[in-house]
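Each chain is listed here by its residues.
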Number of protein chains: 2
Amino acid sequence: MPIRYEFERELNKMHQQLLKMGTLIEQSIDDTIRAMKNQDIDLAQEVIQRDDEIDQMELAMETECIMLITRQQPIASDLRLITSVLKIVTDLERIADHCADISEYVIRLFNESYKKPLEHIPMMAQQVKKMVKDTIDSYVERDICKARRVIKDDDIIDQYFEDIIKEIQDLMKVEGTFITQGTYLIFITKYLERMADHATNICEWIEYTITGKLKHE
Amino acid sequence: MPIRYEFERELNKMHQQLLKMGTLIEQSIDDTIRAMKNQDIDLAQEVIQRDDEIDQMELAMETECIMLITRQQPIASDLRLITSVLKIVTDLERIADHCADISEYVIRLFNESYKKPLEHIPMMAQQVKKMVKDTIDSYVERDICKARRVIKDDDIIDQYFEDIIKEIQDLMKVEGTFITQGTYLIFITKYLERMADHATNICEWIEYTITGKLKHE
């Protein structure tokens, strides 16, 4: 088989694996939002289990990327792509980690109802999900404008973060029994903010694969 | 100049840059601890400014690693090393980021004295600093046992984390005016825990450069 053909086949496999990982992670974000809203402990458990699967995918893809670099002596643009994927899978895996982290808090909160129905946290989570979806799309479509829009959207997340923390603090101040729950909700909000940061990192690497220019915000 | 000699020179430069980055980060952790304990706003500002310098170093090293892989067609063990450094610099940079994040909270807290003298947070921070120092040492000495010990030490950090959060929650419950400060201290504790996680990630990559086996906890 001609070497270039073989290489294209391997690259294509790498893309497919990354997409599969992306799809699983979108599913995890959806499930995390539902588990959180409905206090669904079984769904939270599913998210935590799925994280193990995604960890394995990260490991397999890292190994695959390094092998591709070693075996095939790729040209510069392919090398940019492979090294980017090597970085991107870590950020993707961290997003899945944080879904699992949030699900752990959903489980901890299972025995008590929310002191105030969750409103802004699920909205923030939906915005994070949109960013992750747009990130995967911009990778598939090699759409630099979409990638840049995701980076810009991080401002919306930062605003949600500030507002939600303020809201939790205010409720803690008037309602002493809310302290423990409030602390858990603070961690959940923090994990959501980190997930958006990881999407932003990925978009910077997507931009690099297209332009060859690496920059971090 | 013989190609191998040139390559060794470049590798050596890469090691030196990584060490320089490591030293700056240890300095940042030290300064963050001091800024936090003494509510020293100038020192906190210094940490934040140094983060920009470290960001630039990360970018330069990533570019350098990719160039090394492209130009020199390295053998498998060198390639393992270079791809590991490509991953390691991101985790190092995140540690510096979190020093800056903590320093931001030190500045926010400047106008009010601590409701209770900080005790366990600086102890946790010292433990994080030790982990980061051991991480850099295990890279320099290619000491797999030291790297594994750092990974194990993460349990100490997790215990600190649980205890400190509990302590903050307890104080919040009896002292309503502590809520805002307590929230900031929760974030600081969370950043310290993340810093230890990044040290752990780096040690996994150090282990990989030595054994060729990649695993993530």
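Residues numbered from 1 in each chain as written. Chains lettered and ligands numbered in written order. Predicted model: local features only at pLDDT ≥ 70, side-chain atom pairs only at ≥ 80, totals over all residues. Heavy atoms only, no water.

The cut-off we apply is this: UniProt positions are given in the numbering used here, feature names are shortened, and annotations may be inferred rather than shown by experiment.
Chain A carries the name Phosphate-specific transport system accessory protein PhoU in an unreviewed UniProt entry, which gives Defluviitalea raffinosedens as its organism. Its UniProt record, at the heading Subunit (unreviewed entry), says of chain A: "Homodimer."

### Some thoughts on the packing of aromatic side chains
Definition in use: Aromatic pairs are defined between Phe, Tyr and Trp rings, using the six-membered ring for Trp, whenever the two ring centres lie within 6.5 Å; interplanar angles under 30 degrees are classed as stacked, those over 60 as edge-to-face, and all others as tilted. Labels follow the DSSP assignment, with helices taken as runs of H or I lasting at least four residues and strands as runs of E lasting at least two, numbered in each case from the N terminus. Burial status follows relative accessibility: with a 1.4 Å probe on protein chains alone, a residue under 20% of its type maximum counts as buried, one over 50% as exposed, and anything between as partly exposed.
On inspection of all chains with the given rule, the structure shows 10 aromatic pairs over all chains. Both rings, one in Tyr105(A) and one in Tyr191(A), keep their centres 6.4 Å apart while their planes meet at 35°; by these two values the pair is tilted. Taken as a pair, Tyr105(A) in helix H3 (residues 76-108) and Tyr191(A) in helix H6 (residues 179-211) lie far apart in primary sequence, 86 residues in all. Relative accessible area serves as the criterion here: at 7%, Tyr191(A) is assigned to the buried category. Between Tyr105(B) and Tyr184(B), the ring centres sit 5.2 Å apart and the planes meet at 45°, which makes this aromatic pair tilted.

### Regarding the interface of chain B and chain A
Note the following rule: Residue contacts are counted whenever heavy atoms from the two residues lie within 4.5 Å of one another. Buried area: the sum, over both parts, of the accessible surface (1.4 Å probe) that disappears when the two are put together. We define a salt bridge as a contact between a side-chain nitrogen of Lys or Arg and a carboxyl oxygen of Asp or Glu at a distance within 4 Å. In protein, a polar contact requires one atom able to donate a hydrogen and another able to accept it; more generally it is a pair of N or O atoms within 3.5 Å, and residues adjacent in sequence count only if both atoms are side-chain atoms.
Counting residues at the interface gives 42 residues for chain B and 42 residues for chain A. For the chain B and chain A pair, buried surface summed over both sides reaches about 3500 Å², with 62% attributable to carbon and sulfur atoms. Seen at the junction of chain B and chain A, the total is 6 salt bridges. With its nearest N and O atoms 3.2 Å apart, the salt bridge here joins Glu62(B) to Lys87(A). At the junction of chain B with chain A, the criterion picks out 14 residue pairs in polar contact (both at pLDDT 80 or more). Elements that contribute at least two residues to the side of chain B that touches chain A include exactly helix H2 (41-72), helix H3 (76-108), helix H5 (144-174) and helix H6 (179-211) of chain B.

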